Amino acid sequence: MKNKFIYLAIIAAGFASCEPEFENAVDANYTAGDADFTSYVAIGNSLTAGYMDGTVSRGSQVNSYPNLLAQQFALVGGGAFTQPSYVDDVNNLGGLMLGGMPIGTTRLVIDASQSRPENIAGTSTIEVSNLQATAYNNMGVPGAKSFHLLASGYGNVAGVALGQANPYFVRHATSPTATVLGDAMTKNPTFFTNWIGANDVLAYATNGGAKSDGMTPADDHNATGNLNPTTYGGNDITNSNVYANVYNQIITTLTSNGAKGVVCTIPSVTSIPYFTTVPYAPLSPTALGGSTNINALNAQLYGPLDGIFTAYGEPNRVNPLSATSANPILIYDADATDRSAQITGALTPTLGAPTAAAFGAVFGKARQATAADLVVLPASSVIGTPNASAPSTLININGVSYPMANKWVLTANEKAKVASATAAFNSTIVSIASANNLAVADMNAIMNQLVSGLQIETGQIYTANYFSGVATENKVLFSLDGVHPNARGYAVIANEIIKVINEHYNANLPLHYVNNFPGINIVGSN
């Protein structure tokens, strides 16, 4: 997945600081301190690559936090900083093509005429098979998990269609057998940033804890004990021991020639707009069609289900719909007790065996969402729509008369798995950084501040609220995919890393002026 959290940390961005120095003062006494920025290399995933609005585009990459860092490093002797070429993105649409066929969507914009985010019109001109075969200073690879950085063949174009290679790395891998870390080391880094690991847990979270089929639970390999990442599914949580081993190899390699650097912790996913924008109870009486429809739903579905669940000791698993207040959506919970047999048995006398069995199959692991559940952003376009898989048109409305699929909701149990893995990964990051005297940018701590709002050096307040109109247009640091920052968000991230560098390496580097960077991208029509 795209790190899309991925993470998100990005937003992490804003944090209060005292009387900082912005941009380039004419008489500033800038210094690299104990650091050497002659050859700066950035390791990571989409957050490092400059991913925003659902893709990497020519415009977004310019505002990657590594590129913004390199601009400040150049003031104190930093060398040239290169990023994968996006010159072929002639119309700044982003997206990807393979053999002339789209394999990635164009970037998201707000269509002012429709007042909603949508993919910008046009066809991508980025052809993955036009190989650059070049190592760059920015080695951020969207979608990469920790162990992918060591995987030979991850940049082999022949593996893209098979799901064995990453199209973003394919574009610039120096050979079909190259590794991300190996290519990075050809730049002989004297300084590095390493922000890897978000996707080791984020892919699980953004897919609601489900495998690619949207229903089967993805695996948490801290529970399975599986130590072989080559057998992992794309949405599985990486075993923490695997992560620790891989992370240690990455840092050992990066520091092998004496390079210094900054490592970033993995942020919690629960504060980013991807998980906080869609409410768990969005079904107003009006949206449900008024009291007539609500009464019918209660009589034919919610009442019977409530009675069955209550009879088996689960009185609040499903409650009748309210005609005066907003109602929670109906969801499929993989961890719920399966009541298929009980529902079938209870409804057979009135509905007949075939229909009762269909109800049992659909609602056996159903329940209403609660405030402890997180509904993912893409679910907003699914709630209230017909489900083609429903056995009857009488029970086919997603979230209303048909449970939302596993992938649309991160439940409390699934959140706990994410939190546990994140804590273990961050413990590894901090421990290995300490052992190697590396600076740590604690993006996890920063992200936790976003819930109530962050005030940056200029006094501007940013919040975790997703874009909701002109009133918030200039107040958010997230891009329209709800996971990655916008240009302002990346500027804040760069500033936070600069603060860490200044403190840990006795440097004096200026901060970027965040308000100089663009926020949400709005077009008149699309």
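The residue count restarts for each chain, going from 1 along the sequence in the order it is written. Confidence filtering applies because this is a predicted model: local features only for residues at pLDDT of at least 70, side-chain atom pairs given and counted only at 80 or more, and all residues used for totals across whole chains, interfaces and linings. Computation of side-chain values covers all heavy atoms of the structure but excludes hydrogens and water.

Note on aromatic pairs: the rings of Phe, Tyr and Trp (six-membered ring only in Trp) are paired at centre separations within 6.5 Å, and the planes decide the class, stacked below 30 degrees, edge-to-face beyond 60, tilted for the rest. The full count for this structure, using the stated rule, is 14 aromatic pairs. Between the NZ or CZ atom of Arg171 and the centre of the ring of Tyr86, over which it lies, the distance is 4.4 Å. Think of it as a cone above the ring: NZ of Lys or CZ of Arg counts as a charge over the ring if it is within 6 Å of the ring centre and within 35 degrees of the ring normal.

Now for helix H3 (residues 65–73). Partly exposed describes any residue whose relative accessible area lies between the buried limit of under 20% and the exposed limit of over 50%, with all areas from a 1.4 Å probe on protein chains only and scaled to the type maximum. Comment: elements are numbered from the N terminus, with helices defined as DSSP H or I runs of at least four residues and strands as E runs of at least two. With 8 of 9 residues buried, H3 lies mostly within the body of the structure. Residues of H3 that are buried: Tyr65, Pro66, Asn67, Leu68, Leu69, Ala70, Gln72 and Phe73. Contacts were defined at the residue level, with two residues in contact if any of their heavy atoms lie within 4.5 Å. Of the surrounding elements, those touching the buried residues of H3 are strand S1 (40–44), helix H1 (46–49), helix H2 (58–62), strand S6 (138–140), strand S7 (191–195) and helix H15 (487–504).

Helix packing geometry: the angle between the two helix axes and the distance between the axes. Here an angle of 0 to 180 degrees is reported between the N-to-C directions of two axes, which are lines fitted to C-alpha atoms, with helices fitted over the stretch in contact. Between helix H6 (residues 199–206) and helix H13 (residues 412–435), whose axes approach to 10 Å, the crossing angle comes to 170 degrees. Of the possible angle classes, the one that applies to H6 and H13 is roughly antiparallel. In this structure, H6 contributes Asp200, Val201, Tyr204 and Ala205 to the contact, and H13 contributes Glu414, Lys417, Val418, Ala421, Thr422 and Phe425. A per-class count over the contact of H6 with H13 returns 6 nonpolar, 1 polar and 3 charged. In these notes the angle categories are as follows: under 35 degrees is roughly parallel, over 145 is roughly antiparallel, 65 to 115 is roughly perpendicular, and the rest is oblique. Put simply, Ala, Val, Leu, Ile, Met, Phe, Trp, Tyr, Cys and Pro go in the nonpolar bin, Asp, Glu, Lys and Arg in the charged bin, and everything else, Gly too, in the polar bin.

Because an α-helix packs 3.6 residues into every turn, residues spaced three or four apart end up facing the same way. Bend angle per residue: angle between axes fitted to the 7 residues ending at that residue and the 7 residues starting there. Of all the bends found along helix H10 (residues 290–311), the most pronounced is centred on Asn298 and spans about 50 degrees. Regarding H10, the residues found buried are Ile294, Leu297, Asn298, Leu301, Tyr302, Leu305, Asp306, Ile308 and Phe309. Check the buried side of H10 and you find it contacts strand S9 (330–332), helix H11 (340–351), helix H12 (353–363) and strand S10 (366–368). Where H10 ends, the next residue or the one after it, Gly313, has phi of about 85 degrees, a positive value.

Its place among the elements puts Asn502 in helix H15. N or O atoms within 3.5 Å of each other form a polar contact, as long as, within protein, one can give a hydrogen and the other can take it, and as long as residues adjacent in sequence are counted only when both atoms are side-chain atoms. One polar contact links the side chain of Asn502 to the main-chain amide nitrogen of Leu509, over a distance of 2.9 Å. For Asn502, the contacting residues outside a window of four places in its chain are Ala507, Asn508 and Leu509.

Attention shifts here to the environment of Asn241. Of note, Asn241 is situated in helix H8 (residues 240–254). The spatial distance from the C-alpha of Asn241 to the C-alpha of Ala424 is 8.9 Å, given a sequence separation of 183 residues.

Mapped onto the elements of the fold, Ser284 is located in the loop between helix H9 (273–276) and H10. Here the alpha-carbon distance between Ser284 and Ser322, two residues 38 residues apart in the chain, equals 8.6 Å.

So, on to the sheet that holds S7. Here, a strand pair is defined by DSSP locating no fewer than two bridges between the strands. Strand order in the open sheet made by the 5 strands is S6-S1-S7-S8-S13, with parallel pairing throughout. Of all strands in the sheet, those bounded by a partner on one side alone are S6 and strand S13 (439–441). On average, each strand axis in the sheet is inclined to that of its neighbour by 15 degrees, with strand direction left out of account. Here S1 runs beside S6; their pairing, made up of 3 bridges, is parallel. Bridge pairing links Ala42 to Asn138 in S6. Running at roughly 170 degrees to S7, H8 makes contact with S1, S7 and strand S8 (260–264) of the sheet.

Our focus in this paragraph is the pattern of salt bridges. We count a salt bridge whenever a side-chain nitrogen from Lys or Arg sits within 4 Å of a carboxyl oxygen from Asp or Glu. Counted by the stated rule, this structure contains 8 salt bridges. Salt-bridge contacts for Asp88 lead to Arg171; the nearest nitrogen and oxygen are separated by 3.3 Å. Here the residue Asp88 occupies a position in the loop between H3 and strand S2 (96–98), and Arg171 occupies one in helix H4 (residues 167–172), the gap between them amounting to 83 residues. The pair formed by Asp88 and Arg171 is uniform in burial state, with each residue classed as buried. Between Asp219 and Lys211 there is a salt bridge; the shortest N-O distance is 3.4 Å. The class for Lys211 is partly exposed, based on a relative accessible area of 27%. Each of Lys211, Asp219 and Asp236 takes part in one network of salt bridges that share partners.

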